[in-house]
Amino acid sequence: MNIQRFTDGRALSQDLARRMLAAIDRQPGLVLGLPTGRTPLPLYAALREQTPAAGTDWSAVRTFNLDEFVGLGASDRESYRAYMERELFAAVGVNPAHVGFLDGRAADPDAECGRYEEAIAAAGGIDLMILGIGANGHIGFNEPATGLHARTHRARLQPGTRAANAALFGGDISRVPEEALSMGMATILRARSVILMATGAGKAAAVDAMIRGPITTMLPASFLQLHPDVTVMVDLAASPR
Ligand code: PGA
């Protein structure tokens, strides 16, 4: 893995935003995989800020987000879909028809997961996957477990993961859904190129184990060691030893 260190999350985010805009300029129909959570907020702010100055045209870009809460959809303020509209899509001009998203309100969640896999394949696969990492080593909602799912699936969230998402729900953990739909490990590993961002001391142990530890289902991010093109962007606090 290629490790890149930055003084802080802002510097990291500015650099990654420049890199993403350059990738779109080179390949206007780029297929992006995107994360939510706290870590990418400064990235999305940097993309909002840099896009007009760079003159980058997002209208042909396709996006697929990693995950969504079961029970929530585009019209729910707490959904990841609504988060992406607020933080990125509307401001940079992503064509709504090019937004791929899991529908947490789908009547048949299993069918919805299958549809998502097909939509990603129909778009030609993900060119550039941007990831965060949970303090427990999860990516997307692939939580540490004795077994992991390859494909997009329905996932049960661990208490720490629900706590990490409470801010979206007014700080009330009891309102965070217990289940989500998430890309699986193979969905993520099939991306042509992967950039994982980690900031803050709370991520240091997970980043270290991801890079140096054994590949284990108990730390899902460790499977990224199998991918030929992974860049890990960290701030000093999250930096591996
Ligand atoms: P965070 O979440 O950015 O809110 O810490 C990261 C993740 O869980 O993937």
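On a predicted model such as this, the values are computed, not experimentally measured, just so you know.

Cut-offs and rules
- Residues numbered from 1 in each chain as written.
- Predicted model: local features only at pLDDT ≥ 70, side-chain atom pairs only at ≥ 80, totals over all residues.
- Heavy atoms only, no water.
- Pairing = 2+ DSSP bridges.
- Helix = DSSP H or I, 4+ residues; strand = E, 2+ residues; numbered from the N terminus.
- Axes fitted to C-alpha atoms, helices over the stretch in contact; angles between N-to-C directions.
- Buried < 20%, exposed > 50% of the residue type's maximum accessible area, 1.4 Å probe, protein only.
- Core = buried A, V, L, I, M, F, W, Y, C linked by side-chain atoms within 4.5 Å.
- Contact = heavy atoms within 4.5 Å.
- Salt bridge = Lys/Arg side-chain N within 4 Å of Asp/Glu carboxyl O.

Q: Honestly, the sheet that holds strand β8 (residues 179–182) in this entry has me stumped. Any pointers?
A: Either a parallel or an antiparallel arrangement is found when strands of a sheet pair, and the pairing is made through backbone hydrogen bonds. Taken in spatial order, the three strands of this open sheet run β4-β8-β7, and their pairing is antiparallel. The open sheet has two free edges, formed respectively by β4 (67–69) and β7 (153–156), since each of these has just one partner strand. Neighbour to neighbour, the strand axes of the sheet diverge by 30° on average, direction disregarded. For β7 and β8, the ladder comprises four bridges, and the chain directions are antiparallel.

Q: What should I look at first to understand the side chain of serine 182 in this one?
A: By secondary structure assignment, the location of serine 182 is in strand β8. By relative accessible area, which is 0% here, serine 182 ends up buried.

Q: I tried to follow the nonpolar core on my own but got confused; where do I start?
A: Across soluble globular proteins, you tend to see nonpolar side chains buried next to one another. Ranked by internal contacts, the top residues of the largest apolar core, which has 40 residues, are Met20, Leu34, Leu43, Leu47, Trp58, Leu88 and Ile130. Looking at this core, the elements that each hand over two or more residues are α1 (9–26), β2 (31–34), α2 (41–54), α3 (80–92), β6 (128–131) and β9 (193–198). In contact with methionine 20, not counting residues within four places along its chain, are Leu32, Leu34, Leu43, Leu47, Leu128 and Ile130. Counting 31 residues, the second largest nonpolar core, distinct from the first, contains Met129, Leu131, Ile139 and Leu196.

Q: I keep staring at the pattern of salt bridges and nothing clicks. Help me out?
A: Pairing is possible between side chains that carry opposite charge, provided their charged atoms lie close to one another. The final tally for this structure, using the stated rule, is 15 salt bridges. In this structure, glutamate 112 engages arginine 115 in a salt bridge whose closest nitrogen and oxygen atoms are separated by 2.7 Å. Of the two residues, glutamate 112 and arginine 115 both sit in helix α4 (residues 109–122), three residues apart, roughly one turn of that helix. On the basis of relative accessibility, which here comes to 36%, the residue arginine 115 falls in the partly exposed class. The structure contains a network of salt bridges with shared partners spanning Arg154, Arg156, Arg162, Glu178 and Glu179.

Just distances and angles here, no functional claims.
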